[in-house]
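# Results of the structural survey
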Amino acid sequence: MFASRTVHVVRANGYRVHHVAGTSARSARGFRTTRNMSASQSKQRQLPGWAPVAGIAAVGTTAIATAAAAIVSEHDQENSTYGKYLASFGQAILPVSLSQASNGKVLFPAKVPYLDKAISTDLQHRLDNDNSDYQARMEDMILRAQAEIVRALEKEEGTGAKFIVDRHERANGEGGGITTVMQDGKVFEKAGVNVSVIRGDLKPGLAKNMNARGKEIGPGPHKFCACGISSVIHPRNPMVPTMHFNYRYFEVTAANGKKTWWFGGGTDLTPYYLIENDVVHFHKTLKDACGRHDSTYYGKFKKWCDEYFRITHRKECRGVGGVFFDDLDELPQESLFAFASDLAASVIPAYVPLVNKRKNASYTQQQRDWQLLRRGRYVEFNLVYDRGTKFGLVTPQARIESIFISLPLLARWEYRHEPEAGSEEEKLLRVLQTPIEWV
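Summarised in this report is the structure supplied together with it. The shown structure was predicted, so the numbers you read here are calculated from the model rather than taken from an experiment.

The next subject is the layout of surface pockets. To locate leftover empty space, one rolls a probe as large as a water molecule over the atoms. Approximately 300 Å³ is the volume attributed to the second largest pocket. For the second largest pocket, the lining is made up of 14 residues, of which Arg-314, Glu-316, Arg-377, His-417 and Glu-418 are closest to its centre. Looking at the lining of the second largest pocket, the elements with two or more residues in it are helix H11 (365-384) and helix H14 (424-433). Of the residues forming the lining of the second largest pocket, the biggest block, four residues, is contributed by H11. For the lining of the second largest pocket, the per-class residue count stands at five nonpolar, two polar and seven charged.

Turning to the environment of Glu-156, a few remarks are in order. Tracing the sequence through the fold places Glu-156 in helix H5 (residues 134-157). On the accessibility criterion, Glu-156 (3% relative accessible area) is buried. Separated by 199 residues in the primary sequence, Glu-156 and Val-355 have C-alpha atoms spaced 7.4 Å apart. A polar contact is formed between the side chain of Glu-156 and the side chain of Asn-356, at a distance of 3.4 Å.

A word on a nonpolar patch on the surface. On the surface, a nonpolar cluster with roughly 230 Å² of combined accessible area is contributed by Leu-393, Val-394 and Ile-400. Checked against the element boundaries, Leu-393 lands in helix H12 (residues 387-394).

Analysis parameters
- Residues numbered from 1 in each chain as written.
- Predicted model: local features only at pLDDT ≥ 70, side-chain atom pairs only at ≥ 80, totals over all residues.
- Heavy atoms only, no water.
- 1 Å grid on protein atoms, 1.4 Å probe; cavity = no way out; pocket = protein on both sides within 12 Å on 5 of 7 lines; lining within 4 Å.
- Points joined across faces, edges and corners; volume = space filled by probe spheres on them.
- Helix = DSSP H or I, 4+ residues; strand = E, 2+ residues; numbered from the N terminus.
- Nonpolar A, V, L, I, M, F, W, Y, C, P; charged D, E, K, R; others polar.
- Buried < 20%, exposed > 50% of the residue type's maximum accessible area, 1.4 Å probe, protein only.
- Polar contact = N/O pair within 3.5 Å; in protein donor to acceptor, adjacent residues only side chain to side chain.
- Patch = residues over 30% accessible without salt bridge, like charges linked within 9 Å, V, L, I, M, F, W, Y side chains within 5 Å.
- Areas by Shrake-Rupley, 256 points an atom, 1.4 Å probe, with all protein chains shown as cover.
- Salt bridge = Lys/Arg side-chain N within 4 Å of Asp/Glu carboxyl O.

In structure tokens form, the structure reads like this:
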């Protein structure tokens, strides 16, 4: 355990983020924020067009400074189009967690304002008083991630359009959710970013399935809590890929008090035209996030993603993959919570630069028709194979509108459609049929 030290980061919205590495529940949880820090209060490294990242003051270990500097420089490379964009992107932030070399400490970022009040009325009290309450910490994380991503997408839409924020609550105090959607926009034809916190009695059939998957959740009846964020972004321009991500935490309490928990999630990309530099950037961002926690994670979870998002009846993948994992419980909760948080924070730097770069590209009606055909495949996967859709549909008080928000506004099916030999469409299809390594 190292002594109390402070790390300062200044964000574009004027918050000063400071982390005090100590032993109290509040400081162990991570960053707090204050407003209106003067630039003169610390010497700052100026990134062109971006909020300055402050010099790291009174750093307790060299490892913290080295990790932070590596992240900043990664997005500040003069020869990188994506790096330049990230440097100028006002909402861009350092990843949610930087694994430190000293005692496995993790840094968490500033709290950003939620889009709506927390789903759990006692959330702040639980966060302040119990650092081991991962239901509360996951709810806090997904609400902040939702707010960051919605604001980033609204900035890219650029028309003043805002997401509709639709709050819903379940009966008997069993949680609820916040659905946000933008539809028929100039850039985003349909975009949804949903969070949910669901509590209640676990159906015997679901308990049986969990035991069959090796969870050993103990004797029933069982109580459960599922916290998650899920998003699908369907752009209008065929040169901009669709993106999906989902991060979730599941906790089951048996009749004898035994608790079983696990994390799941992932982020994946579905392009309509194969722009290889974009796909490499996307995968590299995810690989870097994985690598901050375990050098084997990216390779393992990239393979899992390729296998999970395979449309078996078409003998092709839904997209070019990313990372995917489920039932993750082999490490301490703190480590896996930090990993899931880091990947959630990687969504903006992985995807939004691709939107910014391609959203104004010209395209033909033929290319638009191909996009709609590929969206048909997206629908097929989500309705036939997707685990999250299936779970949502069998959950009591299921909210169908939120479950099906992942489906595109428009899709197309043609009888026995085959892309022309040697075309860009065939080039994409070959990769979807046989996944490749991108980084």
